[in-house]
Amino acid sequence: MNEKELKSIFVEKFGAGGDIRTYFAPGRVNLIGEHTDYNGGHVFPCALTIGTYAVARKRDDRVIKLYSANIENVGVIESSLDDLTNKDEYHWANYPLGVVWALIEKGCEIKSGFEMCVWGNIPNGSGLSSSASLEVLTGTVLNDFFGLNKSMVDLALVGQYSENNFNGCNCGIMDQFAVAMGQKDHAIFLDCADLSYKYASVKLPNAKIVITNSKVKHSLVDSAYNDRRNESAQALADLQTVCGISTLGELTDDEFEKYGSAIKDEVCYRRAKHAVAENQRTIKAVEALNNNDIATFGKLMNASHVSLRDDYEVSCEEVDFLVETEWSVPGVIGARITGGGFGGCTVAIVENDAVDNFKNVVGKAYKEKYNLDAEFYVVDIGDGAKRIG
Ligand code: ADP
Ligand code: MG
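If you're wondering where the values come from, they're calculated on a predicted model, not measured in any experiment.

Student: How would you summarise the UniProt feature "domain: GHMP kinase C-terminal" (unreviewed entry) in the chain if you had to cite specific residues and measurements?
Tutor: Residues given the UniProt feature "domain: GHMP kinase C-terminal" (unreviewed entry) here are residues 285-367. Each end of residues 285-367 is marked by a C-alpha atom, and these two atoms are 32 Å apart; helix forms 57% of the span and strand 19%.

Student: Break down the pattern of salt bridges for me, with residues and values.
Tutor: Per the stated rule, a full pass over the model turns up 26 salt bridges. A salt bridge links lysine 215 to glutamate 375; the shortest N-O distance between them is 3.5 Å. Here lysine 215 is found in strand β9 (residues 207-217), whereas its partner glutamate 375 is found in strand β12 (residues 375-379), with 160 residues between them in sequence. By relative accessible area, which is 35% here, glutamate 375 ends up partly exposed. Among the ionic pairs, lysine 386 bridges to aspartate 383, the shortest N-O distance being 3.3 Å. One continuous salt-bridge network, built from bridges that share partners, spans Arg228, Glu231, Glu266, Arg270, Arg271 and Glu313.

Student: How would you summarise the site of ligand 1 if you had to cite specific residues and measurements?
Tutor: Neighbouring ligand 1 are 19 residues, the closest being Ser68, Asn70, Gly125, Ser130 and Ser131. A distance of 2.8 Å separates a nitrogen atom of ligand 1 from a polar atom in the side chain of asparagine 70. Taking asparagine 124, its side chain carries an N or O atom lying 3.5 Å from a nitrogen atom of ligand 1. Across the complex, the protein chains shield 81% of the 570 Å² of accessible surface that ligand 1 would expose by itself. Counting residues per element, the shell around ligand 1 draws most heavily on helix α3 (residues 130-145), at 3 residues. Among the residues forming the shell around ligand 1, the class breakdown is 7 nonpolar, 11 polar and 1 charged.

Student: Tell me about the pairing of strand β6 (residues 114-120), and please be specific about residues and values.
Tutor: Burial analysis of β6 places 7 of its 7 residues in the buried class, which makes it a mostly covered element. In β6, alternate side chains face the same way, and those of Phe114, Met116, Val118 and Gly120 on one face and Glu115, Cys117 and Trp119 on the other are all buried. Note that strand β3 (residues 45-58) and β6 share 7 bridges and pair antiparallel. In the sheet register, alanine 56 faces β6, and the bridge partner there is methionine 116. Pairing between strand β4 (residues 63-68) and β6: 5 bridges, direction parallel. By the bridge assignment for β6, tyrosine 67 is matched with cysteine 117.

Student: If you had to explain the sheet that holds strand β13 (residues 386-387) to someone new, which residues and values would you point to?
Tutor: Sheet architecture is open: 6 strands sit in the order β5-β4-β6-β3-β1-β13, paired in mixed fashion. The sheet terminates laterally at β5 (77-80) and β13, the two strands that pair on one side only. Sheet strands touched by α3: β1 (21-30), β3, β6 and β13. Its angle to β1, the strand with the most contacts, is close to 145°. Of the strands in this sheet, β1 and β3 are in contact with helix α5 (residues 174-181), which crosses β1 at around 130°.

Analysis parameters
Residues numbered from 1 in each chain as written. Chains lettered and ligands numbered in written order. Predicted model: local features only at pLDDT ≥ 70, side-chain atom pairs only at ≥ 80, totals over all residues. Heavy atoms only, no water. UniProt positions renumbered as here; feature names shortened; annotations may be inferred. Helix = DSSP H or I, 4+ residues; strand = E, 2+ residues; numbered from the N terminus. Salt bridge = Lys/Arg side-chain N within 4 Å of Asp/Glu carboxyl O. Buried < 20%, exposed > 50% of the residue type's maximum accessible area, 1.4 Å probe, protein only. Near = heavy atom within 4 Å. Polar contact = N/O pair within 3.5 Å; in protein donor to acceptor, adjacent residues only side chain to side chain. Areas by Shrake-Rupley, 256 points an atom, 1.4 Å probe, with all protein chains shown as cover. Nonpolar A, V, L, I, M, F, W, Y, C, P; charged D, E, K, R; others polar. Pairing = 2+ DSSP bridges. Contact = heavy atoms within 4.5 Å. Axes fitted to C-alpha atoms, helices over the stretch in contact; angles between N-to-C directions.

Here it is, written out as C-alpha cells:
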C-alpha cells in the first residue's frame, strides 16, 4: 500500500472530487527513558519512517465517516459532531473521534464533518505507538482543514488528552510528543516535567537501530500500567514527607540513596528506584551520544532493561529471552525492552555488518524456545506528522 493506493480506496468509499488531502504521522521508538514520562523525568524517543497515512476531505454536513484499510472487516464507521462519545461499535475509530472531541473540549471550532481513510504500517499494540500516530494524524488533518492554528506540541497534548479522557488509557506525553515533533535523523531529549526539549543528532555511521517484535502482548498491560502509576505516586508521597520534591524526576541517584528509606512499601521503593535511576541514565545516555560515545549509550540501554525487568517489573519472559539473546550476539552495542512493556518490542543498536547474524541468531533461538516468529525492523528516524499531498 502507498498513499496513491490509499487515495483510490478513499475515492472508492467516499467518491471523487473536492479538496482531498493526504497526511502522514510516524510511529516512534523510545531509545531510553522508559516509564519516566509520567514521573516527571526525561525520555529520548525518535519518530520512525513507518507510520500512519490519512486521506481526508471536509463534508458539508456534520457527519464523520472513517475507514481503516487495515481493518477492512469493520467497514466505514459513521458518527457525527453532535454525538462524540466512546462507543464499542466505533471500534478503532474511538481514537480519531476522541481527538475531534478533545479539540472541541479545548475550544476549537470544527465547522463541519469530514471523511477520512487511514492505513498504517506500524504493528499495532507492540509499543511503537500506533495509537499516538493515529491521534496526532487526526489532529494534523483537522488543524489543517479547519485552520485551528494549533502548534504541533498542542496537537501532542490534545492526542494525550483524548487517549486519557476519551479512550481511558492513562498514558504520559512521550508518545504523542515524539509523533508530533519528530525530526529526521534526530531523537528528542524531552523533559516531561515542563516539556522543554532538545534534538540530538543520532548519527550511527557504523550501526543500525533494530527493533524486534516479540509478537506477544500480555493482557495485564492496561491494569499493570495504572498500577505502576499508582505505586510511583505512593513512593512520591512518602518521599515528600522528607524532601520537597514534586516529581521523582527531580531526584539524583545520591538524593534517592539519602531519602529512599522514607518509602514504606518495598514494591513502591523499587518503582521509585527505577524512575529515578532511569531518568539519570537517560541524561547520561544523551551526553554519551553527543560525545559520539555509542558504547556507553549501549551500556545504559542494557542497564535500563535490567531496571525495567527487576525493579519496575514491566517486562515478561519472552521479551527477557529476546533481550538476553540479543546481548549475546557479537556486534550488539545495547538492547532493551521498549514501550509500555509486558510484551511488544525490543530496541537494539547493532553494528551494520552484524545485523544479518543478529536476525538469524535471535529469530532462531526465539522460534526454538517459544515457537514464535519474531519480526525485525531495521528502522530509520523520520519527521513528525505533516501534510504530504
Ligand atoms: P500501540 O500504540 O502500542 O500500537 P495501542 O493498543 O495503544 O498499541 O493502540 C493500538 C490500537 O490503535 C489498535 O488496536 C487500533 O484500535 C488503533 N490503530 C492504530 N493504527 C491503526 C490503523 N492504521 N487503523 C485502525 N486502527 C488503528
Ligand atoms: Mg498506544
